[in-house]
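Residue strings, one per chain:
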Amino acid sequence: MKNWLIAVILTYLFLLFFGSFIAVGFLWTGQLVKALPEVAGMEQLLYYFFAGAIGGSLRHLYMFCTHYMKDELQNPREWIMYIFYPLFATGTAVIAVTLIESGILFIEFTNHNKDHPYAEISIAFFIGFGFNRFLAKLNKVSENMFDTNKNNAK
């Protein structure tokens, strides 16, 4: 892999990781809503979004550094995942928390508090971090829910 491409990918992941923490800070203090009034009312979804970004970028920073140290960054087709997977993880984290809160995916939160959704934010982080694994599980759930062969057999 070319040095400039390594620098671009690392810079991108670094900015996504730390930028998401900064965005959460702005969201927490209310500065984000002051700067962008059109996001008012979407604060919880933004927490999930940024938590997914933190998880996804952390995992891919780790993977990128690990593969770089082992000199395993030879296949250009794999490089694209370091750019897009953390982005996919953000939206997937929001959808996952929505599926959980709707009751479709059953995870029960203890001490559930809508004003301080720490459990949901934590789940969003884990979804971002384990994006590939979550999609594999979601695919199995979807197959079970919409399996036409099983429904025709009854």
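Residues numbered from 1 in each chain as written. Predicted model: local features only at pLDDT ≥ 70, side-chain atom pairs only at ≥ 80, totals over all residues. Heavy atoms only, no water.

A.B. asks: Can you help me understand the packing of helix H4 (residues 76-102) against helix H6 (residues 131-145) in this one?
C.D. replies: In helix packing, the relevant descriptors are the interaxial angle and the interaxial distance, both defined with respect to the helix axes. Relative orientation of the contacting elements H4 and H6 amounts to 50°, with a least axis distance of 10 Å. Taken together, the axes of H4 and H6 are oblique relative to one another. Of the two elements, H4 crosses H6, and the hand of that crossing is left-handed. Here H4 contributes Tyr 85, Phe 88, Ala 89, Thr 92, Ala 96 and Leu 99 to the contact with H6, which in turn contributes Phe 131, Asn 132, Phe 134, Leu 135 and Leu 138. Looking at the contact of H4 with H6 residue by residue, the class counts come to nine nonpolar, two polar and no charged. (Axes fitted to C-alpha atoms, helices over the stretch in contact; angles between N-to-C directions. Helix = DSSP H or I, 4+ residues; strand = E, 2+ residues; numbered from the N terminus. Parallel < 35°, antiparallel > 145°, perpendicular 65-115°, else oblique. Left-handed = near helix turned anticlockwise from the far one by under 90°. Contact = heavy atoms within 4.5 Å. Nonpolar A, V, L, I, M, F, W, Y, C, P; charged D, E, K, R; others polar.)

A.B. asks: Help me understand the nonpolar core, please; the structure alone is not making it clear to me.
C.D. replies: As a rule of thumb, soluble globular proteins bury nonpolar side chains together. With 21 residues, the main nonpolar core has Leu 27, Leu 46, Tyr 48, Phe 50, Ala 124 and Ile 127 as its most contacted residues. Listed by contribution, the elements that provide at least two residues to this core are helix H1 (3-29), helix H3 (43-69), H4 and helix H5 (118-129). Among the elements that take part in this core, H4 stands out by supplying six residues, more than any other. With residues up to four places along the chain from it excluded, the contact list for Leu 46 reads Leu 27, Leu 32 and Val 39. (Core = buried A, V, L, I, M, F, W, Y, C linked by side-chain atoms within 4.5 Å. Buried < 20%, exposed > 50% of the residue type's maximum accessible area, 1.4 Å probe, protein only.)

A.B. asks: Teacher, can you tell me more about a nonpolar patch on the surface here?
C.D. replies: Taken together, the side chains of Phe 14, Leu 15, Phe 18 and Phe 21 make up a nonpolar region of the molecular surface, amounting to roughly 410 Å² of accessible area. Residue placement: Phe 14 occurs in helix H1. (Patch = residues over 30% accessible without salt bridge, like charges linked within 9 Å, V, L, I, M, F, W, Y side chains within 5 Å. Areas by Shrake-Rupley, 256 points an atom, 1.4 Å probe, with all protein chains shown as cover. Salt bridge = Lys/Arg side-chain N within 4 Å of Asp/Glu carboxyl O.)

A.B. asks: How should the side chain of Thr 90 be read in this particular structure?
C.D. replies: Along the chain, Thr 90 falls in helix H4. Engagement of the side chain of Thr 90 in a polar contact is seen with the backbone oxygen of Leu 87, the distance being 2.5 Å. With sequence-adjacent residues up to four places away left out, Thr 90 is seen in contact with Phe 49, Gly 52 and Ala 53. (Polar contact = N/O pair within 3.5 Å; in protein donor to acceptor, adjacent residues only side chain to side chain.)

A.B. asks: What is the right way to look at the packing of aromatic side chains in this model?
C.D. replies: Given two aromatic rings, one states the distance between the centres and the angle between the planes to describe the pair. The tally for this structure, following the rule as stated, stands at 13 aromatic pairs. Ring plane angle 80° and centroid distance 6.2 Å describe the contact between Trp 28 and Tyr 47, whose orientation is recorded as edge-to-face. Of this pair, Trp 28 sits in helix H1 while Tyr 47 is found in helix H3, placing the two residues 19 residues apart along the sequence. On the accessibility criterion, Tyr 47 (13% relative accessible area) is buried. Seen from their ring centres, Phe 84 and Phe 88 are 6.0 Å apart, and the 20° between their planes marks the pair as stacked. Here the residue Phe 84 and the residue Phe 88 both occupy positions in helix H4, the gap between them amounting to four residues, near one helical turn. Among the aromatic residues, those joined into a cluster by ring pairs are Phe 14, Phe 17, Phe 18 and Phe 21. (Phe/Tyr/Trp six-rings, centres within 6.5 Å; stacked < 30°, edge-to-face > 60°.)

A.B. asks: Help me understand unusual backbone geometry, please; the structure alone is not making it clear to me.
C.D. replies: The residue Asp 71 is not glycine, and still its phi comes out positive at about 55°. Here Asp 71 shows up in the loop between H3 and H4. Assessed through its relative accessible area of 58%, Asp 71 is described here as exposed.

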